[in-house]
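Residues per chain are reported as follows:
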Amino acid sequence: MTFQNTLEFAQQLDAADQLSKYRQGFHFPQVNGRDVIYFTGNSLGLQPKRTQAYVDEVMKDWRELAVEGHFYAEKPWWDYHERLAKGMAKVVGARPKEVSVMNTLTVNLHLLMVSFYRPTAKRFKIICEEKAFPSDQYILQSQARFHGWDPKEAIVEVKKRDGEHAWRTEDIVAKINEVGDELALVLMGGVNYYNGQVLDMQAITAAGKAAGAFVGWDLAHAVGNVKLQLHDWGADFAAWCSYKYMNSGPGNASGIFVHERHLDKEDIPRFEGWWGNKKETRFLMKPEFDPIASADAWQLSNPPILSLAPYLASLELFDEVGMDALIEKQRIIVAYLEFVLHEIDKQVDSTFEIITPAERGCQLSVFLHGEGRALFDYLMKQGVITDWREPNVIRLAPAPFYCSYEDMYRFGQILKQGILNK
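What you are looking at is a predicted structure, and each value in this text was computed from that prediction instead of being measured.

Enquirer: Please clarify how the sheet that holds strand E7 (residues 125-129) should be interpreted in this entry.
Expert: Each strand in a sheet pairs with another by means of backbone hydrogen bonds, the pair being arranged parallel or else antiparallel. If you walk across this open sheet you meet the seven strands as E6-E12-E11-E10-E9-E7-E8, and the pairing is mixed. Each end of this open sheet is capped by a strand with a single partner; those strands are strand E6 (99-102) and strand E8 (155-158). Strand after strand, the sheet turns through a mean of 20 degrees between neighbouring axes, direction not considered. The pairing of strand E9 (residues 183-189) with strand E10 (residues 214-218) spans five bridges and is parallel.

Encoded structure:
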């Protein structure tokens, strides 16, 4: 497709977009009397308009049924979380029994490491990417210390090559092979939060498994954004938040994946609570834990229904559209955004350097050489909601559910004015 940096061309793309109708199904903040251009679905997705009805239903049941809502609500609370399994499984490429929803992302990664980081005197090292998201760094450091290891000895970071902004798959695989028999766990972010790179999760998982290690994925920036096939890739576990591309609301519940080969293991170490007990025996209050033969066995407590309701609403949107359609629009709209950036670059003195490699999802991370925080502040005042990362990087994530091609064109014009008028 030959792009044009004109309003008319952007509107033509919107007219041909089969997903454009879904934009009307989301609430947009207003700045200067018009909808914002929203580029931060990689931090917090917009609220789907249908969400309110799902939350109101729970509030009505609580008001009218009180404790009886656990069993007699239209969507009984005691098995409410099960309604999310099929939708989550489709999004992450898993079987419904391999996924569950509980807690929040960092909590779940800690809980999963109870099962999948079991260091020995010989096999104790963890491989992660250089400068992983801070929570992941803190998780790995604290887990290593908990098991009696010095994090500097236990944690091996895969670095980018000098002068490069992205990791090379061959370097990650080489590091896995180098650590070899000392490797206990590979735990990386499937999509890097800073540069937007999509790692080759299939190849890295295969290499980690071949080395005899467990392999897990932090999918915070991947779920709802890129094609995932966790079951087929053979990953041992994964966890993700639901409030970014999944649009479930601030700080909302996390999803987990545990490969089915681990589900019936009686000797698997795991922190346990009564909601992981089989439904048939849960209310018998027996002292012995009787685990569900699914990822639900990792649940500890009854789930927060008011948090799950928005997640269910969003998952039903994903089920209607499907990941293939979302990724197809994502491919085009991100390419158009990149085109617009290059066109504006020709018209201003500043230089834009896109540090996101070709292996990408929604996000473009852009070095604004010659610009500072003042440009970001200008964009925000003009209703362009984006994300600033030091020293001078903006992250732009045009989520396909609600971002339009006209947004991309208008952003380019606002960006140009912000530079020319400084």
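Enquirer: How should the pattern of salt bridges be read in this particular structure?
Expert: Oppositely charged side chains are able to pair whenever their charged atoms sit close together. A complete count under the given rule lists 31 salt bridges for this structure. Between Arg50 and Glu320 there is a salt bridge whose closest N-O contact spans 2.8 Å. Residue Arg50 is located in the loop between strand E5 (47-48) and helix H2 (51-65), and its partner Glu320 is located in helix H12 (residues 305-321); the two are separated by 270 residues in the primary sequence. The exposure class of Arg50 is partly exposed, given its relative accessible area of 29%. Of the residues examined, Glu320 reaches a relative accessible area of 46% and is grouped as partly exposed. Between Lys278 and Asp290 there is a salt bridge; the shortest N-O distance is 3.7 Å. With Lys278 in the loop between strand E12 (254-258) and helix H11 (279-282) and Asp290 in the loop between H11 and H12, this pair connects stretches of sequence that are twelve residues apart.

Enquirer: I keep staring at the packing of helix H1 (residues 7-16) against helix H15 (residues 405-420) and nothing clicks. Help me out?
Expert: What describes two packed helices is the angle between their axes and the distance between those same axes. Interaxial distance between H1 and H15 falls to 7 Å at its minimum, and their mutual angle equals 160 degrees. Compared by their axis directions, H1 and H15 come out roughly antiparallel. Considering only the axes of H1 and H15, their crossing is right-handed. Contact with H1, carried on its side by Leu7, Ala10, Gln11, Leu13 and Asp14, involves Tyr405, Glu406 and Tyr409 of H15 and no other residues of that element. When grouped by side-chain class, the residues that make up the contact of H1 with H15 number five nonpolar, one polar and two charged.

Enquirer: I keep staring at the domain arrangement of the chain and nothing clicks. Help me out?
Expert: Per the domain assignment, the segments of the chain are domain 1 (7-49 + 322-421) and domain 2 (79-321). Once you take the C-alpha centre of each, domain 1 and domain 2 turn out to be 29 Å apart. Facing the 36 residues of domain 1 at the interface are 26 residues of domain 2. Summing the contributions of domain 1 and of domain 2, the shared interface buries around 2500 Å²; its carbon and sulfur component is 60%. Per-residue buried area on domain 1 facing domain 2 is highest for Met323, Ile355 and Phe401; these three make up 20% of the total on that side.

Enquirer: What's the story with the UniProt feature "binding site: pyridoxal 5'-phosphate" (unreviewed entry) in the chain in this structure? I'm lost.
Expert: According to UniProt, the positions carrying the feature "binding site: pyridoxal 5'-phosphate" (unreviewed entry) are Leu105, Thr106, Phe133, Pro134, Ser135, Asp136, Asp218, His221, Tyr243, Trp274 and Asn302. In three dimensions, the annotated residues from a span of 198 residues occupy distinct locations, with a maximal C-alpha spread of 31.6 Å. Within the fold, Phe133 resides in the loop between E7 and helix H6 (134-146). The exposure class of Pro134 is partly exposed, given its relative accessible area of 29%.

Cut-off values and rules
- Residues numbered from 1 in each chain as written.
- Predicted model: local features only at pLDDT ≥ 70, side-chain atom pairs only at ≥ 80, totals over all residues.
- Heavy atoms only, no water.
- Pairing = 2+ DSSP bridges.
- Helix = DSSP H or I, 4+ residues; strand = E, 2+ residues; numbered from the N terminus.
- Axes fitted to C-alpha atoms, helices over the stretch in contact; angles between N-to-C directions.
- Salt bridge = Lys/Arg side-chain N within 4 Å of Asp/Glu carboxyl O.
- Buried < 20%, exposed > 50% of the residue type's maximum accessible area, 1.4 Å probe, protein only.
- Parallel < 35°, antiparallel > 145°, perpendicular 65-115°, else oblique.
- Left-handed = near helix turned anticlockwise from the far one by under 90°.
- Contact = heavy atoms within 4.5 Å.
- Nonpolar A, V, L, I, M, F, W, Y, C, P; charged D, E, K, R; others polar.
- Domains from an automatic or database assignment.
- Buried area = accessible area lost by both parts, 1.4 Å probe.
- UniProt positions renumbered as here; feature names shortened; annotations may be inferred.

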